[in-house]
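Each chain, written out:
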Amino acid sequence: MSAGAASSPRARSLARRALDWIANPWGKPRFLLLVTWAYVGVSILPVLVAIQFSFNAGRSMTAWQGFSLTRWYFGDPVYSVWHDPSLRHALIQSLKLAGFDMVIATPLGVMLAIGLSRWRSVAASMSNFLMLLPMVTPEIVMGVAFYLVILHLYTFIHPGTFAQALGHVTFSLSYVVVIVRGRLVSIGRQYEEAAADLGATPWESMRYVLLPLLLPAILSSLMIVFAISIDDFVISQWLSCGAGCDTIPIRIYGSARAGPLPAVNALAALMVYFTVIALGIAYLLFRFLTRGERADRSTRLLVGDMAALEM
Amino acid sequence: MYPKWLWPALAAAGILWLVLLFLVPFYAIIGVAFGGVDPIFQNPVPAWSPWHWDFASAIDTLKGFLPQHEYWRVFLRTAEYVAAALTASLLIGYPVAYYVSRHARRTKALLVALLVLPFWVSYLMRMLAWVNLFAPSGLVNEVLAVTRLTTQPPDWLNGNPVSVILALVYGYVPYLIVPLLAALDRIDQSLLEAARDLGASPWQAFVHVTLPLSKTGILGASVIIALPMFGDYYTPNVVSGSPLTSMLGNQIDIFFHGGPQPSVGASLTLILTLFLAGLTAYYMVAVARAHREGER
Amino acid sequence: MQSLDDARFRGANIERLSWGARVARLSARGLGAPRSGSIGLSRRQALASLGSAGITAALPRILTSARSEALGPGNIPLARPERPVALPLNAAPIRSGLAPETGGTFRLYNYADYIDKKVVEEFGERYGVVTELSTFENMDEAITRMASSMILPDVTNISHERLVQAVVGKLLQPINLDYVPNLGTCVWPSLQSPFYDVGSRYTVPYVVYATGIGWRSDRISENIAAMDNPWSIFWRSGKYKGYVGILDDDRQALSLAMLYRGFYDINTEDPVVIERALADLRDLLLICNPKINESQAHTLPTGESWLHEADSGDLLGAYLSDRPEGYDGSTLRFWSAPKGRGPVNNDCWAILSAAKKPVLAHLWLNYLLDPSVAFNNFLYTGYQPPQVSLSAESLIERRIIPRNLQTTIFTSDAFGPGSQHYATLTAKGNAMWQKAYARFLAGT
């Protein structure tokens, strides 16, 4: 059936054998496998290369000039992230905004999630729709809306850190709600009903049963809100007060075309490290705190959660 | 067991926040778009009550979208880039999602994690990485020089539409793959096995069973990336600083950051929002129709 | 300065002619037959595209106002070097002889990287205040933010074409010149009572400059200064594709194209002229794909840019304070047009009406006009202050300016009647320029 089988193995050229291997009708689809791993490589490789150049010993962003662990992070006394005031300020501003976002959006979102998932009425469905809107709104529209509203209506709010923080919380709320709601659905009402049977008041039931059960989701959303806030660009830029309110993505945007030094790579790499660490913590906390519940559902749960984030 | 008022009470704070800081800002766009202009500073003076709305400037801006008028070409160019980027993303993303959902068994969890990873790397960081690769002395030109595919290294980052489209694909394809993956996961394996039992070849099974069943997934994933792409302005700015590749989002950006004509910018934003809302409505109608057909 | 044959540039003062004669003269000069072979725009085509841009309906109104009324914001006549204007007092200036405020923060508002920070800090130390310097990217942003009270400085840098808006909108307060004696003793006589602010009621001048062409002589083989029409180098720069730049400003970008065509009225509100400039700029995109930015002071020395529309101070500032290691700056060149054929300009400083430290604000103006302070600031920014003590000859003699950049220094008679400034436009005219520039940036 396979065309090349007729000739002897030695006569078959390398290309022929490669084609056979790819088009093997009995094996796994090798072509798709190649495509998939090629895609994964191409999508992650540029980021890895950019991170690699943050360790470049020289000033170039494209020519590797040797390895230097700390030059662009805190070694170089003028241009490194720690010493260059504008870069350091961007780093601190990003962390500030992310911290504010975590502290405000998480409690607000948890309460909203609990309320929305158990409230049944027309107003509840409308509120649900409202809660989902920020996820489907293009960021430039949100940026413009915010900018105009603080310019013309909420004139006591000036573009700056406070306005940026308000914007971050607004778009983070939806993510928190989706994560916490997913968790609420998976634990169901059984535990609280059991607590009620055992004589707990509503307050005790919520405090000692529901919230501890929600803890994995709450901690995960803390970390995810951190990651989202650090990565945000559009809202931060529109509500910025100038150089003093620049976050890391804004600095990258400003420098990407201006012949920058690898210090920008270092700054961007720091952003990646923070995000990966935050996600790693979220994932590990989630798995650790739900270890008792895991039969064989955990992978699907996590993938489901991840997919839920995008729906 | 819980009092009925507890749930609305819990949700109240969040809803109030969203109303004050999400709905009201939208209304501010409308107020500015339909408002007046301060004669001295040319700053917009928003009109808050519908009685004072003045549609003249907004209608003027809308007229600019008619063929041969000032916004038509930008709109057309944006639509072209989005269509090209969407097609390329589907061509790349669908096989990947298909493989991961249907065939990867031992490596599935790892692959899913690797596919989700670019989500969490900031878009700007990925664009920076892209710019570095395509810089005149970057990796891509080096590879091209070594393999002698071109005599003169092409200038990727200066008004090159191909770069912009490729950058859009690179930036948005992760957002396409994950929903597509979720949709393909939901297709029941037994349907495919039934088709094979009935004598279909793998290719025929794909075309006649998998593809139609994944239509809503494809549509949903396409909408998820097409919507933000229409409002994208930072990708052309980073990858190509030239007006030749300017998109609709750039126009809005110019009117707000480049000069005191925010009312035009507000009208443009309003038009963009309505256009995208129209697309979303079309998507929701299509999904609802597909569900109804599925039920029959 | 340059001694180009003025006979080559006959036909100035087009604004004095009627509209019909103006168009006829432009047609004779070659409205349909441009010099450098790029796509010409016939008058019919221009009117057709204008119709589609919706301007034709407003045409009669714009033209009549341009001819007879020429009124800017607040119905104040548009100031031009030949038609000086005294701005009305919108409030009473502060009394003389008050003591300066101490303690607290003194707020300044300026372009980014446009003043030596040491100069600002020394002022703060001298008067015992903390100084805070906020920056803006362009005048539009500055005026918008100040007008909406988003930022409340004590003093601000302002360009004089926005002065009328700011005065009528009560953004600025009048100056009491008793606090600013340096204005009368140290500043060029021609700028002590400038055409845009007769009597210096609201402003003092900051720096003077011309907008021209900056280039690297080791990369550009043409001798731009010796060309018939130096502005045409941009439209012939195909071989320098990727290394050409123009300024990111609606007035400066569009007027580049107007000057290229030999049309010297850069304050025109004639839609035909603006439309043609837009068409020329669009051609430029295809010819040399220029970068549109304000970073020439940085990119010319590093060699990332070889040919850039630039202000004179950018080149000198690049030489004085932004040279990369190992580059001596000897290949930097600058050219600007002779008087009346190209834009010159000066920035100003003004005091806000809501200033919390008005006396200190007056003293700041006086401080800036002090010769040694102005000189130190000059060494950082490269922009020339209009100081009597800083003549071009003395600066060249003291070897502060290299020979290749002597064209970046001006004398007092380059300003005043007969010069071309970017001056105030009517609101409609302003909107026309901005709309045209937005269309250029959209590539449409």
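Residues numbered from 1 in each chain as written. Chains lettered and ligands numbered in written order. Predicted model: local features only at pLDDT ≥ 70, side-chain atom pairs only at ≥ 80, totals over all residues.

### As for the environment of C:Gly443
Tracing the sequence through the fold places C:Gly443 in the segment after α15 (427-441). Judged by the 19 C-beta atoms lying within 10 Å of it, C:Gly443 is partly exposed. (Helix = DSSP H or I, 4+ residues; strand = E, 2+ residues; numbered from the N terminus. Buried ≥ 20, exposed ≤ 12 C-beta atoms within 10 Å, placed from the backbone.)

### Topic: the packing of helix α5 (residues 122-136) of chain A against helix α1 (residues 6-33) of chain B
For the pair α5(A) and α1(B), interaxial distance at closest approach is 10 Å and the crossing angle is 55°. When the axis of α5(A) is compared with that of α1(B), the two are oblique. In terms of crossing hand, the pair formed by α5(A) and α1(B) is left-handed. Facing α5(A), whose interface residues are A:Ser127, A:Leu130, A:Met131, A:Leu133 and A:Pro134, α1(B) presents B:Ala11, B:Ile15, B:Leu18 and B:Phe22. (Axes fitted to C-alpha atoms, helices over the stretch in contact; angles between N-to-C directions. Parallel < 35°, antiparallel > 145°, perpendicular 65-115°, else oblique. Left-handed = near helix turned anticlockwise from the far one by under 90°. Contact = placed C-beta atoms within 7 Å.)

### Looking at the interface of chain A and chain B
Contacts between the two partners involve 69 residues from chain A and, on the opposite side, 77 residues from chain B. It is helix α2 (residues 30-53) of chain A that provides the largest number of residues to the side of chain A that touches chain B, a total of 13 residues. Broken down by class, the residue content of the side of chain A that touches chain B amounts to 53 nonpolar, ten polar and six charged. (Nonpolar A, V, L, I, M, F, W, Y, C, P; charged D, E, K, R; others polar.)

### Structural notes on the nonpolar core
If you look at the biggest cluster of nonpolar residues, it comprises 283 residues, and the most contacted ones within it are A:Leu267, A:Ala268, B:Ile29 and C:Leu254. The greatest single-element share of this core, amounting to 17 residues, is contributed by helix α7 (residues 161-185) of chain B. (Core = buried A, V, L, I, M, F, W, Y, C linked by C-beta atoms within 7 Å.)

### Re the domain arrangement of chain C
All names here are of chain C. Split by domain assignment, chain C resolves into domain 1 (34-68 + 210-340 + 428-441) and domain 2 (105-208 + 344-401 + 409-414). Between domain 1 and domain 2, the contact holds eleven residues from the first and twelve residues from the second. If one sorts the elements of the side of domain 1 that touches domain 2 by residue count, helix α11 (residues 312-321) sits on top with eight residues. Residues of the side of domain 1 that touches domain 2, tallied by class, amount to five nonpolar, three polar and three charged. (Domains from an automatic or database assignment.)

### What about helix α3 (residues 72-102) of chain B?
An α-helical segment advances 3.6 residues per turn. Residues three or four places apart therefore align on the same side. Here α3(B) contains 31 residues, and its C-alpha end-to-end distance of 43 Å stays within 8% of the 45 Å for a straight helix at 1.5 Å per residue. At B:Gly93, α3(B) shows its maximal kink, close to 25°; a proline, B:Pro95, follows between one and four residues later. (Expected span 1.5 Å × (residues − 1). Bend = angle between axes of the 7 residues up to and from the residue.)

### Considerations on the environment of C:Pro100
Here C:Pro100 is to be found in the loop between α3 (59-69) and β1 (105-111). Using a count of 18 C-beta atoms within 10 Å as the deciding quantity, one classes C:Pro100 as partly exposed.

### Some thoughts on helix α10 (residues 215-230) of chain B
The end-to-end C-alpha distance of α10(B) is 22 Å, a good match for the 22 Å that 16 residues give at a rise of 1.5 Å each. Of the residues making up α10(B), those classed as buried are B:Gly217, B:Gly220, B:Ala221, B:Ser222, B:Val223, B:Ile224, B:Ile225, B:Ala226, B:Leu227, B:Pro228, B:Met229 and B:Phe230.

### Let's talk about the pairing of strand β4 (residues 203-216) of chain C
Residues and elements named next belong to chain C. Of all 14 residues making up β4, 13 are buried, and the element is well covered by its neighbours. With six bridges connecting them, β4 and strand β9 (residues 344-351) associate as antiparallel partners. Within the sheet, the bridge partner assigned to Tyr209 lies in β9 and is Asn345. In terms of strand pairing, β4 meets strand β7 (residues 307-311) through five bridges, oriented antiparallel. Counterpart to Trp215 in the pairing with β7 is Leu307. The sheet contact formed by β4 and strand β8 (residues 332-335) spans four bridges and is antiparallel. Within the sheet, the bridge partner assigned to Gly214 lies in β8 and is Phe334. (Pairing = 2+ DSSP bridges.)

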